[in-house]
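# Structural description and commentary
Each chain, written out:
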Amino acid sequence: MSVGLMDPKASDQNNNFGLGNIPTAQDYEELKATQKSFSMMAGYLNGSTVNVTYKNNPQRYTGGYVTEDFFKIIGVSPVLGRDFTAADNKPGAEKVTILGDEIWQRDFGADPNVVGQSVRINGKSATIIGVMPPNFKFPVSEELWTPLYNEFPPQPRGDLRLGASNNAPAVMGRLKAGVTIDQANAEFITLARHLAEDNPKTNQNLTSASVQPLLNTFTGVQFRQTVWAMLAAVILVLLIACVNVMNMQFGRAALRAKELAIRGALGATQWRLVRQMLTESLVVAVFGAIAGVIIAYWAIDFYVRSINALPFPAPYYWKFTIDGSVLVFTVAITLLATIASGLVPAFLSARGNAAEIMKEGGRGNSSRLVNIITRVLVVGQIALTAALLIAATLEIKSIRNQMKLDYGYDENGIYAARMALMEGAYPSEDSRREFFQRAVRALQANSQFKSAAMSIRQPGPIRS
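Residues numbered from 1 in each chain as written. Predicted model: local features only at pLDDT ≥ 70, side-chain atom pairs only at ≥ 80, totals over all residues. Heavy atoms only, no water.

## Quick word on a nonpolar patch on the surface
To keep things clear, this is the line we draw: A patch consists of residues whose relative accessible area exceeds 30% and which take part in no salt bridge; residues with like charges are grouped when within 9 Å of each other, and nonpolar side chains (Val, Leu, Ile, Met, Phe, Trp, Tyr) when within 5 Å. Throughout, the Shrake-Rupley method with a 1.4 Å probe supplies accessible areas, and for residues the shown protein chains are the sole cover considered. Here a salt bridge means any side-chain nitrogen of Lys or Arg lying within 4 Å of a carboxyl oxygen belonging to Asp or Glu. Each helix corresponds to a stretch of at least 4 residues labelled H or I by DSSP, and each strand to a stretch of at least 2 residues labelled E; elements are numbered beginning at the N terminus.
Together, L282, V286, I290, I294, L335, I339 and L343 make up a nonpolar patch on the protein surface, roughly 580 Å² of accessible area in all. Of all the elements in the fold, those that place two or more residues in the nonpolar patch are α10 (270-308) and α11 (324-350). At 4 residues, α10 tops the list of elements feeding residues into the nonpolar patch. One can find L282 in helix α10.

Given below as structure tokens:
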């Protein structure tokens, strides 16, 4: 489960779209100490930059800063070495790290004796204590992990000194047996109100809480809405295809009206005629389904290559395959679509008046009922198509507008860089400030730049 504190009066965006936030590390610690719903809780920062030097070879990785129960909650242990302990997570403890399998294979030569070797992490000496299993990069695309509080000791609430940060972690926990999500939600709402009463300066508005399955944290409301919208579009396309096939079947039935009349006169029952036309529809549907599955395999391969080419890696748990249950669902929908698009034309064609159809100039299968049905189908098809086109056009326009936002300046001429100075090389606040001032002066003196400036990402007032 994910855990977050909520401001009932704030917008969805400020409440992290219903997931809530943990404003300080102290909030996490107090919640962990007082709650009764979880057997374990853990905090983590993911997507962080971690600088590692191994045998004088510096590398920058995407890593996670985690508390000691992080891997225990998700039930994954290192395949080499050991897991983190509470002692590892204390400020001032000897720095340790656990490697991901990918960088262990690539940058550490898959050395089976890597556990116990020394590296430098963020400018400080550290020891490798473990290697995680292959294909494990939780939470998103992490390549290694290190204890949270060892790197970022918790700061006092509301500390606004330059460089000071609570580095509030995201929080997850494992429900105890027999505890429901509603019960956990009720408990954490009560705990949130107590925190707000005890810490009015930092928590006065955070009087509610949210406990949700961890999956919701990584998919997000907007992502799920997009997926449902895509599914709705697919269903609309399927309905349009069914209407097309149904109209085609009516046309074919009109052309074959005399054939069906003769077969009926020779003794074919109405059900036999319906079964014949449904069989023909099923053959067409089977070939269409086979072609669709082949195209789907090709499209998935193309999509995976496109995702892998993105500048930022996708979450490691994004796996695009033809799922067995989805394939069964597709076959079932194909069968239902076949029946839906073929049954009505087959039934109306089979119940036609044989004597009337056989007369020269007879109206055949173009009865008044058939004409009404075909016209309704055409109107419905046009309506569905128009709705789909409008929705697709609006979606494309929204994406285009997001990529063409007017920032009030020429964004192609603005460049930005993010830098973090590690305490090993820059141990004091003055040394870090001096470095940044020197860097800005050097950029300002460079003839390739018209101007240069520095900012800090930390919100709120800064005292320097």
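## Re helix α1 (residues 25-34)
Under the convention used in this document: Remark: exposure states derive from per-residue accessible area (1.4 Å probe, protein chains only) relative to the maximum for the residue type, with buried under 20%, exposed over 50%, and partly exposed in between. For this analysis, residues touch if any pair of their heavy atoms sits within 4.5 Å.
Listed in full, the buried residues belonging to α1 are A25, Q26, D27, Y28 and L31. Buried residues along α1 sit in contact with β1 (2-6), β2 (38-54), α4 (148-151), β9 (170-175), α5 (181-198) and α6 (200-203).

## A word on the confidence of the model for the chain
Counted only if it meets this: Each residue gets a pLDDT score, which is the predictor's confidence in that residue and runs from 0 to 100.
Residues with a pLDDT of 70 or more make up 86% of the chain, whose mean pLDDT is 83. A low-confidence stretch, residues 459-464 stays under pLDDT 50, and its non-local contacts, those more than four residues away or across chains, total 8 contacts.

## Considering the packing of α1 against α5
As a reminder of what qualifies: Helix axes use the C-alpha atoms of the stretch in contact, all axes being lines fitted to C-alpha atoms, and the angles between their N-to-C directions lie in the range 0 to 180 degrees. For this classification, under 35 degrees means roughly parallel, over 145 means roughly antiparallel, 65 to 115 means roughly perpendicular, and everything else is oblique. By definition, turning the near helix anticlockwise from the far helix through less than a right angle yields a left-handed crossing, and turning it clockwise yields a right-handed one.
In the contact formed by α1 and α5, the axes pass within 11 Å of each other and the chain directions differ by 130°. Taken as axis vectors, α1 and α5 run oblique relative to one another. The hand of the α1/α5 crossing is right-handed. Where α1 abuts α5, its residues D27, E30, L31 and T34 lie against E187, F188, L191 and L195.

## Concerning the environment of L282
The exposure class assigned to L282 is partly exposed, which follows from its relative accessible area of 36%. Along the backbone, L282 and T338 are 56 residues apart, and their C-alpha atoms lie at a distance of 5.9 Å.

## Thoughts on the environment of N113
Looking at the element boundaries, N113 is found in the loop between α3 (101-107) and β6 (118-121). A sequence separation of 33 residues divides N113 from L80, and the C-alpha atoms of the two residues are 9.1 Å apart.

## Focus on the side chain of Q117
Quick note on the threshold: Identification of polar contacts relies on pairs of N or O atoms within 3.5 Å, with a donor-acceptor requirement for protein atoms, meaning one able to donate a hydrogen and the other able to accept it, and with residues adjacent in sequence counted only if both atoms are side-chain atoms.
Position of Q117 among the secondary structure elements: in the loop between α3 and β6. The class of Q117 is buried, set by a relative accessible area of 18%. In terms of polar contacts, Q117 uses its side chain to reach the side chain of Y54, at 2.7 Å.

## Side note on helix α14 (residues 429-445)
For the record, the criterion: For a helix, the expected span equals 1.5 Å multiplied by the number of residues minus one.
For α14, built from 17 residues, the straight-helix expectation of 24 Å at 1.5 Å per residue is met to within 8% by its first-to-last C-alpha distance of 25 Å. By the burial criterion, the buried members of α14 are S431, R433, F435 and V440.

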